[in-house]
Structure formats: structure tokens, C-alpha cells
Amino acid sequence: MPGEGLEPSWAQGPADFESAASTNSATPALGPQHAPTGVRVKQGLPQALRRAIIASMPSAFRRTQPWDALLTEMDRALFFVFCKQPSSRPYPAEGVQDARPLTQAERRLSAALMRVNHAGEVCAQALYEGQSITARDPAIAARLRKAAEEEADHLNWCRRRVEELGGRTSLLDPFWYFGSLAIGMTAGLFGDRWNLGFLEETERQVEAHLDGHLRRLPEADRRSRAIVEQMKIDERGHAELARSLGAAELPDPVKTLMRLAAKVMTTIAERI
Ligand SMILES: [Fe+2]
Ligand SMILES: [Fe+2]
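Residues numbered from 1 in each chain as written. Chains lettered and ligands numbered in written order. Predicted model: local features only at pLDDT ≥ 70, side-chain atom pairs only at ≥ 80, totals over all residues.

## As for the overall build of the chain
Applicable threshold: Numbering of helices and strands runs from the N terminus, with a helix taken as a DSSP run of H or I at least four residues long and a strand as a DSSP run of E at least two residues long. Buried means a residue has 20 or more other C-beta atoms within 10 Å of its own C-beta, exposed means 12 or fewer, and partly exposed covers the counts in between; C-beta atoms are placed from the backbone. Here, residue contact means that the backbone-derived C-beta atoms of the two residues sit within 7 Å.
Looking only at helices and strands, one finds nine helices and zero strands in the chain. Start at the N end of the chain and walk to the C end: the helices and strands fall as α-α-α-α-α-α-α-α-α. Taken across its 272 residues, the chain has 33% of its residues classed as buried. The long-range fraction of contacts in the chain, counting pairs at least 24 apart against all pairs at least 6 apart in sequence, stands at 81%.

Okay, structure coming up:
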């Protein structure tokens, strides 16, 4: 029947990315598909024409189906793994000069460490997404998505620095993404307090990991250091956000397990 079921977001009259995202909880906050929030989009087709096209579609195409959510996740994964993400904040290395030209060995080491950080940010996007899918309180899901936007800056910065250093991102990024998505969804199934507890512990471990990188990065590589230092500040903020929202303290064995999983990921990503 004409007008039956849900309309696709492009058919909902004048809209912007933010309103499109808010109408569908399965749509990432980085809307159609992933432009920064606050950017207005001109609708390409007149309203009457859009409605006529919808009316002519079989009803199966006008209702949200389970595979819509699956396709949204696939689209999101492809975007975060293979595309350059928009950054909402200035590049921390902008205007920062290395102490001296880096040697070949220093460039290789820095590129490897920044590749690990990029892979970690791919994981962060998937964890936040997974956790927001299974979060019970919509307000918490919304905060998780908001924090994920800030993490998108980190992805952008790490990718940019890896490229400046002549390196490449991890070949296993798709694997990191889907593994982390499954872990994030699982964490959410335990309830919001544990979900937030998992987030807080993840962020605390990332902060400690970044401290380790600040010790390993060549002293002369001031551009990478500027990026890592800003990320460290942000990660601490995410941990404090989780705590303020009511995170539960995870049992020590779970923390140890998380540390082991992170160690496996960082060790592999430094090489592949
Ligand atoms: Fe991050
Ligand atoms: Fe974070």
C-alpha cells in the first residue's frame, strides 16, 4: 500500500544528518552515511517525486528488515576500516616539527606504533558500536555513540600520521573490527553497569598503553608524540565519563583477560 511502512531516510522531507541519525537507532551518528554532524544536506529529489518512487516500491523494500541492520553494520565497518574519517578537531601535529629528520629505523618504529594505535581505534569504534547496540538505556547508547565520534578523530589522526611516516594500516583491521564488535555486544548483554565498567576498564588500559608508546616513540618524533598525548587525554576523559554514568568495577580476572587480548592484538598489529 502506498505510504505503508517506514520510509528510507532520504525520503523524509528536508533533513540533515543529525535528524536522519536520530530517527533510526541503527544509523550511526556519523550519518548518511558518515558526514560530520551539523553538516546540512540538500535533498536531491522533490518531495512529490520521492513519495511517488516509494509508492511504486514493493512493500518489502519500504519496511526495515533485519538485514538492513546487518547492511548498516557492514557499511559502517567498511567505512571505519578503509576510508579516511572526518576529524571534528584540529590535527594535534599541525604546526609541530620533529626535533630533526627521523632516521629510516625511527620512521619504521614510529609507523609500526602508530599502526597499532590506528588498529586500536578501529577496535574502539567497533566496541562502542557493539556496546551501544546492546545497551539497555537509550541515553547511555546515545552517550556511547557520541564518544565514538570523538574516537573517529583518533582514527583520522593515526591514519594520517602512519601515511606521513610512509607506513600502512594493519592488514587485519577487518578482523579487529568484527572481533571487537562481537566483544562490545557481549559486554552490553550483561547490563548497563557492567557495560560501562567494561568501557571504563578498556579506556584505562588504552591510556596505560599510550603511556607505553610515549616511552617507545623516538624522542625526535614530536609529531607522533603530540597525537598520542592528545589521545591519552581523551581516553582518560572517556574512562571518567563511563565512571560518572555508573560503571561497575570489573573483577580482576576479567581485567587480566582484557589485558591479554589487547597484548595479542597490539603485538600482531605492530607486525601485520
Ligand atoms: Fe581513542
Ligand atoms: Fe576512548
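## With respect to the packing of helix 4 (residues 104–134) against helix 5 (residues 138–164)
Let me state the cut-off plainly: Note on geometry: axes are lines fitted to C-alpha atoms, helical ones only across the stretch in contact, with angles between N-to-C directions running from 0 to 180 degrees. Throughout, the term roughly parallel applies to angles under 35 degrees, roughly antiparallel to angles over 145, roughly perpendicular to angles from 65 to 115, and oblique to all others. Throughout, a crossing is termed right-handed when the near helix is turned clockwise from the far one, and left-handed when it is turned anticlockwise from it by less than a right angle. Classes in brief: Ala, Val, Leu, Ile, Met, Phe, Trp, Tyr, Cys and Pro nonpolar; Asp, Glu, Lys and Arg charged; the others, Gly included, polar.
Viewed as axis vectors pointing N to C, helix 4 and helix 5 meet at an angle of 160 degrees, and their least axial separation amounts to 9 Å. Taken together, the axis directions place helix 4 and helix 5 in an arrangement best described as roughly antiparallel. Regarding helix 4 and helix 5, the two cross each other, and that crossing is left-handed. For the contact of helix 4 with helix 5, the class distribution of residues is twelve nonpolar, six polar and seven charged.

## Notes on the nonpolar core
For the record, the criterion: Joining buried Ala, Val, Leu, Ile, Met, Phe, Trp, Tyr and Cys residues through C-beta atoms within 7 Å gives a set, and that set is a nonpolar core.
One finds A119, V122, C123 and L144 to be the most contacted residues of the largest nonpolar core, which totals 35 residues. Among the elements of the structure, helix 4, helix 5, helix 6 (173–189), helix 7 (192–216), helix 8 (222–244) and helix 9 (252–271) are those that each provide at least two residues to this core. Leave out the neighbours within four places in its chain, and C123 touches W176, S180 and M265. By size, the runner-up hydrophobic cluster in this structure holds seven residues, among which are A187, L196, F198 and L199.

## Some remarks on helix 6
Spacing of three or four residues puts side chains on the same side of an α-helix, whose turn is 3.6 residues. Definition in use: A helix is expected to reach a length of 1.5 Å times the quantity of its residues less one. Arc definition: it is the arc formed by the directions from the helix axis to the C-beta atoms.
With 17 residues, helix 6 should cover 24 Å at 1.5 Å per step; its first-to-last C-alpha distance of 24 Å lies within 8% of that length. By the burial criterion, the buried members of helix 6 are D173, W176, Y177, S180, L181, G184, A187 and G188. An end-on view of helix 6 places all buried positions within 130 degrees of arc, on one side of the element. Positive phi appears at G191, one or two residues downstream of helix 6, with a value of about 105 degrees.

## Focus: the environment of A124
Mapped onto the elements of the fold, A124 is located in helix 4. A residue is classified by how many C-beta atoms lie within 10 Å of it, and A124, with 26 of them, is buried. In sequence terms A124 and W176 are 52 residues apart; their C-alpha atoms lie 9.6 Å from each other.

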